[in-house]
Amino acid sequence: MHFIDLVTQQTRIRADLEARIAAVLDHGQYIMGPEIDELENRLAEYVGTRHAVGCASGTDALLLALMALEVGPGDAVFTTPFTFVATAEAIRLVGAEPVFVDIDPVTFNIAPPLLDTTIRRYMEESAAKAARGLPAGRPRGILPVDLFGIPADYDAIETIARRYGLFVIEDAAQSFGATYQERKACSFGEVGCTSFFPAKPLGGYGDGGMCFTNDSNLDSVMRSLRVHGQGAHRYDNVRIGINGRLDTLQAAVLLAKFDIFPDELVRRQSVAERYADLLTGTPDIQVPSLPPHTTGVWAQYSILTASSDHRQRAQDALRNQGIPTAVYYPIPLHRQTAFRDLNHPPGAFPVSEDCASRILSLPMHPYLEAAEQKSVAAILGRL
Ligand SMILES: *Cc1c(COP(=O)(O)O)cnc(C)c1O
């Protein structure tokens, strides 16, 4: 059994992939070829934003968004510790401070009530420091993650952002195609950022990413930043940027894959529903559930086991039958060596730590068959 099955997908669209790749080989514009515009236009239309900026990875998408919003040293960005490292890494790369907020135990996304209290406390502490003439952090924005492909609670997050005058950057690396209140993931906040890493719901054959925005100024700044801060022409550099372009070949691959993406979403949804039917009621297993008015893309199908021992037994039993599983993420970011200078003790974010010790992702892809899911459920039921 595959954890993610890119082979069946490739067999299905092999001819289109080859035609798309051959077109690039024929025109030879490997950097910023016509496929980039085509993909940006198609995905912006799908997501429902005015602009889309292709870039080299999901990490660069976050970096471009933060750079365009001029986030830097002295700035604080509120985010979740229960995510892939890139989320907080991007905040660090621009010199700002990631301020972690614990998660909701059902959605695994940033918990709005804790977000509100954390921002308020941070502002009070900053004001107290400033009053004593000490350097004080400046709250700038919120960087929620749509973990496992389920959108964060944007009604609540956008209300909090307005209350405190903060921007929102959506880390939609796992949620391209999901919806929240009829709006598509990637369309929330000032900039929505996604990734085309091969294992993501819309993945290329290499690295890639995209920023979505309705703000034409941010759009043009991000376009400049992704090419070394380019100005009016190639050798006019108006700001410090990065080499963060999307490859033409990746755009070509993504265009072929995007044709079947809506159908793959329907399949992902049925696979998730089948897991829920099979697993609901299994002792000591919590199946994921979608908040109201939300659809997920199931980048991962992650269950909560009863304990880390229980999880280990589940992984061993499944592996013995040739069924792969994964743990996303075993170490919350505040416990990572790279963030040790933030001085968060164990227990600082108890829900994230508890989920990290019990979470387990099961095989999940559009081509998973009912029989395969039944054998996963049978093994989990016998533990
Ligand atoms: C994958 C991922 C990223 C980074 O995307 P890359 O394309 O691998 O750079 C960022 N945030 C989250 C939540 C991710 O899952």
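Residues numbered from 1 in each chain as written. Predicted model: local features only at pLDDT ≥ 70, side-chain atom pairs only at ≥ 80, totals over all residues. Heavy atoms only, no water.

## A short note on the site of the ligand
Among the 15 residues in the neighbourhood of the ligand, the closest are listed as Gly58, Thr59, Gln174, Ser195 and Lys200. One nitrogen or oxygen atom from the main chain of Gly58 is found 2.7 Å from an oxygen atom belonging to the ligand. A distance of 2.6 Å separates an oxygen atom of the ligand from a polar atom in the side chain of Lys200. When the ligand is considered free in solution it has 380 Å² of accessible area, and contact with the protein chains removes 93% of it. Those elements that place two or more of their residues in the shell around the ligand are helix H3 (58–68) and helix H4 (86–93). (Near = heavy atom within 4 Å. Polar contact = N/O pair within 3.5 Å; in protein donor to acceptor, adjacent residues only side chain to side chain. Areas by Shrake-Rupley, 256 points an atom, 1.4 Å probe, with all protein chains shown as cover. Helix = DSSP H or I, 4+ residues; strand = E, 2+ residues; numbered from the N terminus.)

## Notes on the environment of Leu360
Looking at where Leu360 falls in the secondary structure, it is placed in strand E12 (residues 359–362). Judged by its relative accessible area of 0%, Leu360 is buried. Sequence separation between Leu360 and Thr325 is 35 residues; the distance between their C-alpha atoms is 7.0 Å. Apart from the residues lying within four places of it in its own chain, the contact partners of Leu360 are Tyr301, Ser302, Ile303, Thr305, Arg311, Ala314, Gln315, Thr325, Ala326 and Val327. (Buried < 20%, exposed > 50% of the residue type's maximum accessible area, 1.4 Å probe, protein only. Contact = heavy atoms within 4.5 Å.)

## So, the environment of Thr79
Here Thr79 is to be found in strand E2 (residues 75–79). The class for Thr79 is buried, based on a relative accessible area of 0%. Sequence-distant contacts of Thr79, that is, excluding residues within four places in its chain, are made with Thr87, Ile91, Pro98, Val99, Phe100, Val101, Ile110 and Leu143.

## Considerations on the pattern of salt bridges
In total, this model carries 16 salt bridges according to the counting rule given. One salt bridge in this structure joins Glu40 and Arg223, with 3.2 Å as the shortest N-O distance. Here the residue Glu40 occupies a position in helix H2 (residues 34–47), and Arg223 occupies one in helix H7 (residues 216–225), the gap between them amounting to 183 residues. On the basis of relative accessibility, which here comes to 3%, the residue Glu40 falls in the buried class. (Salt bridge = Lys/Arg side-chain N within 4 Å of Asp/Glu carboxyl O.)

## Some thoughts on the pairing of strand E9 (residues 209–213)
Consecutive side chains of a regular strand alternate in pointing toward one face of the sheet and then the other. Of all five residues that make up E9, five are buried, and the element is covered over most of its length. By the alternation rule, side chains of E9 split into Gly209, Cys211 and Thr213 and Met210 and Phe212, which are all buried. Bridge count for strand E1 (residues 51–55) against E9 is five bridges, and the pairing is antiparallel. Among the inter-strand pairings, Cys55 is bridged to a residue of E9, identified as Gly209. Inspection of the sheet shows strand E8 (residues 191–195) paired to E9 by four bridges, in the antiparallel sense. In the sheet register, Ser195 faces E9, and the bridge partner there is Gly209. (Pairing = 2+ DSSP bridges.)

## Digging into the sheet that holds strand E7 (residues 183–184)
Pairing in this open sheet of three strands is antiparallel, and the strands run E7-E6-E10 from one edge to the other. With one partner strand each, in any of the chains shown, E7 and strand E10 (294–295) form the two edges of the open sheet. Across two bridges, the pairing between strand E6 (residues 179–180) and E7 is antiparallel. Its bridge partner being in E7, Tyr180 is matched across the sheet by Arg183.

## Things to note about a nonpolar patch on the surface
On the surface, Leu25, Tyr30, Ile31, Met32 and Leu249 cluster together into a nonpolar patch covering about 450 Å² of accessible area. Along the polypeptide, Met32 turns up in the loop between helix H1 (6–27) and H2. Judged by relative accessible area, which is 31%, Met32 ranks as partly exposed. (Patch = residues over 30% accessible without salt bridge, like charges linked within 9 Å, V, L, I, M, F, W, Y side chains within 5 Å.)

## Description of the sheet that holds E1
In space, the seven strands of this open sheet follow the order E1-E9-E8-E5-E4-E2-E3, with mixed pairing throughout. Edge positions in the open sheet fall to E1 and strand E3 (97–100), since each of these has one partner strand only. Taken pair by pair, the neighbouring strands of this sheet meet at an average axis angle of 25 degrees, ignoring direction. Along the sheet, H4 makes contact with E2, E3, strand E4 (138–143) and strand E5 (167–171), crossing E3 at roughly 145 degrees. (Axes fitted to C-alpha atoms, helices over the stretch in contact; angles between N-to-C directions.)

## Quick notes on the packing of aromatic side chains
Considering all chains together, one arrives at 20 aromatic pairs under this definition. Each ring, one from Phe100 and one from Phe339, has its centre 6.1 Å from the other, and the planes form 85 degrees; the classification is edge-to-face. A residue pair is termed long-range when its members are at least 10 positions apart, and Phe100 in strand E3 and Phe339 in the loop between helix H9 (308–320) and helix H10 (350–358) qualify at 239 residues. For the pair Phe100 and Phe339, a shared accessibility class is recorded, and that class is buried. Ring geometry for Tyr180 and Phe188: centres 5.6 Å apart, planes at 85 degrees, overall edge-to-face. Grouping residues by exposure puts Tyr180 and Phe188 together as buried. Here the aromatic cluster, defined as three or more aromatic residues joined through ring pairs, consists of Tyr46, Phe176, Phe212, Phe258 and Phe261. Directly above the ring of Tyr46 sits Lys184, whose terminal nitrogen or CZ lies 4.3 Å from the centroid. Note that Lys200 overlies the ring of Phe84, its terminal NZ or CZ placed 6.0 Å from the centroid. (Phe/Tyr/Trp six-rings, centres within 6.5 Å; stacked < 30°, edge-to-face > 60°. Lys NZ or Arg CZ within 6 Å of the ring centre and 35° of its normal.)

## Examining the side chain of Gln373
Take Gln373: it is sitting in helix H11 (residues 370–381). If sequence neighbours within four positions are ignored, Gln373 has contacts with Val271, Arg274, Tyr275, Leu278 and Leu368.

## Some remarks on the nonpolar core
If you look at the biggest cluster of nonpolar residues, it comprises 27 residues, and the most contacted ones within it are Leu66, Val71, Ile169, Cys193 and Cys211. Here this core takes seven residues from H3, the largest share from any one element. The residues touching Cys193, leaving out its near neighbours within four places in the chain, are Ala61, Leu62, Ala65, Ile169, Glu170, Asp171, Ala172, Ala173, Met210 and Cys211. Grouped together as the second largest cluster of nonpolar side chains are 24 residues, Ala52, Phe196, Phe212 and Leu255 included. (Core = buried A, V, L, I, M, F, W, Y, C linked by side-chain atoms within 4.5 Å.)

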